Amino acid sequence: EKSFWKQFQALSDPVFHQVSKELPDVGNSIFRSIMPMHHLMWLVSGNAAAETFPKEADALLWKMNEKMLLTVPKPLTARSWEKLFEWIRKKAEQHLQRQNQPNFPENDWLITYRNLDDNSFEIDIHRCGFITIAKKYGVEGMLPGICSVDFMISHYMGNGFSRTKTLGAGDECCNCHYELQGTCPLHAPKGMK
C-alpha cells in the first residue's frame, strides 16, 4: 500500500500545484468553507492517478477524506457540527442575496435554501462549483465518488443528512436535507451518490 500512495502522490502533486494556481476565487461564498476548493484540486489531480488506477479512484478519494475526518476526536466533531449548523443557516440566507448580484462568480454555487425548524433545513443546489471546474478539466467521471463523501461527513459528525437527487449523477439538482440531531448512513444508499 505504501508504494501505491507514493505512486499516487508522484502523479497527483504536480497537477495539484498547477490547478491550484488556476482555480477561480468564489469570494465570500458559503461554499468556500463548506465545500472547500481544495477538494476540486484533489478531484482534478486525482484524475492523473485515476488514469493509472481507474478501479481505485473512488476508493482513493474516499480513503483520503475518511482519514482526514477520523483525525478529529468524536466529541469535537459533534460540537463543531452544532456551531457549523447555525453558521450554515446564517450564511445560506446571505448566499441567496449574493447570488442575485450582477458580480456573482460564475463558478459559485446556485442554491435554494429552506429553514424548516430548529432541527432541520434544506439546501437544493442548482449549480455546483465542483461540476463547473470538473467540466473545465474533463474529470466529470470522478464526481459521483466525491458526491458520496457527503454521507460519510454527516455520519462521522453525527448529524442527519439525506439526499435523493445529485447533480453529479445527472439529476437536475442536489436536494440536501440536514438535521442537527439525526443519523446518516456511512455510505450513500444504493443507487444514490
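Here the structure is shown first, and the text comes after it.
Scoring rules and cut-offs
- Residues numbered from 1 in each chain as written.
- Predicted model: local features only at pLDDT ≥ 70, side-chain atom pairs only at ≥ 80, totals over all residues.
- Heavy atoms only, no water.
- Helix = DSSP H or I, 4+ residues; strand = E, 2+ residues; numbered from the N terminus.
- Buried < 20%, exposed > 50% of the residue type's maximum accessible area, 1.4 Å probe, protein only.
- Contact = heavy atoms within 4.5 Å.
- Areas by Shrake-Rupley, 256 points an atom, 1.4 Å probe, with all protein chains shown as cover.
- Salt bridge = Lys/Arg side-chain N within 4 Å of Asp/Glu carboxyl O.
- Phe/Tyr/Trp six-rings, centres within 6.5 Å; stacked < 30°, edge-to-face > 60°.
- Pairing = 2+ DSSP bridges.
- Axes fitted to C-alpha atoms, helices over the stretch in contact; angles between N-to-C directions.
- Disulfide = S-S within 2.5 Å.

### A word on the overall build of the protein chain
Regarding its fold elements, the protein chain presents seven helices and four strands. In the protein chain, the succession of helices and strands from N to C terminus is α-α-α-α-α-β-β-α-α-β-β. Buried positions account for 47% of the 193 residues belonging to the protein chain. Once local pairs closer than 6 in sequence are excluded, the contacts in the protein chain between residues at least 24 apart make up 64%. When the accessible area of the protein chain is evaluated, it comes to approximately 10,400 Å², of which 55% is carbon and sulfur surface.

### Comments concerning the pattern of salt bridges
Applying the stated criterion across every chain yields a total of six salt bridges. Among the ionic pairs, D124 bridges to R114, the shortest N-O distance being 3.1 Å. Residue D124 is found in strand β2 (residues 120–127), and its partner R114 is found in strand β1 (residues 110–117); the two are separated by 10 residues along the sequence. Residue classification places D124 among the buried residues on the basis of a relative accessible area of 13%. With its nearest N and O atoms 2.5 Å apart, the salt bridge here joins K165 to E172.

### Here we look at the packing of aromatic side chains
For the coordinates displayed, the defined rule picks out five aromatic pairs. Each ring, one from F151 and one from F161, has its centre 5.0 Å from the other, and the planes form 80°; the classification is edge-to-face. Pair noted here: F151 is in helix α7 (residues 143–157) and F161 is in strand β3 (residues 160–163), with a separation of 10 residues, a long-range link. Take F151 and F161: they sit in the same class, and that class is buried. Ring centres of F161 and Y178 lie 5.1 Å apart, and the angle between their planes is 50°; this geometry places the pair in the tilted category. Within this pair, whereas F161 is found in strand β3, its partner Y178 is found in strand β4 (residues 174–179), the two being separated by 17 residues in sequence. Residue classification places F161 among the buried positions, given a relative accessible area of 4%. One aromatic cluster is present, built from ring pairs that chain together F85, Y113, F121, F151, F161 and Y178.

### So, the environment of V26
Residue position: V26 is located in the loop between α1 (2–22) and α2 (31–34). The spatial distance from the C-alpha of V26 to the C-alpha of N107 is 6.7 Å, given a sequence separation of 81 residues.

### Regarding the sheet that holds β4
The antiparallel open sheet is built from four strands, whose spatial order is β1-β2-β4-β3. The open sheet has two edge strands with one neighbour each: β1 and β3. Between one strand axis and the next, the sheet turns through 15° on average, direction left out of account. Where β2 lies against β4, six bridges are found, and the strand directions are antiparallel. Counterpart to S120 in the pairing with β4 is E179.

### Considerations on the state of the cysteines
If you walk through the whole model with that rule in mind, you get zero disulfides. Of the cysteine sulfurs around C147, a residue in no disulfide, the closest is that of C174, at 5.9 Å.

### Side note on helix α6 (residues 129–137)
Those residues of α6 that sit buried are G129, F130, I131, I133 and A134. A positive backbone phi angle near 70° is found at G138, which sits one or two residues after α6.

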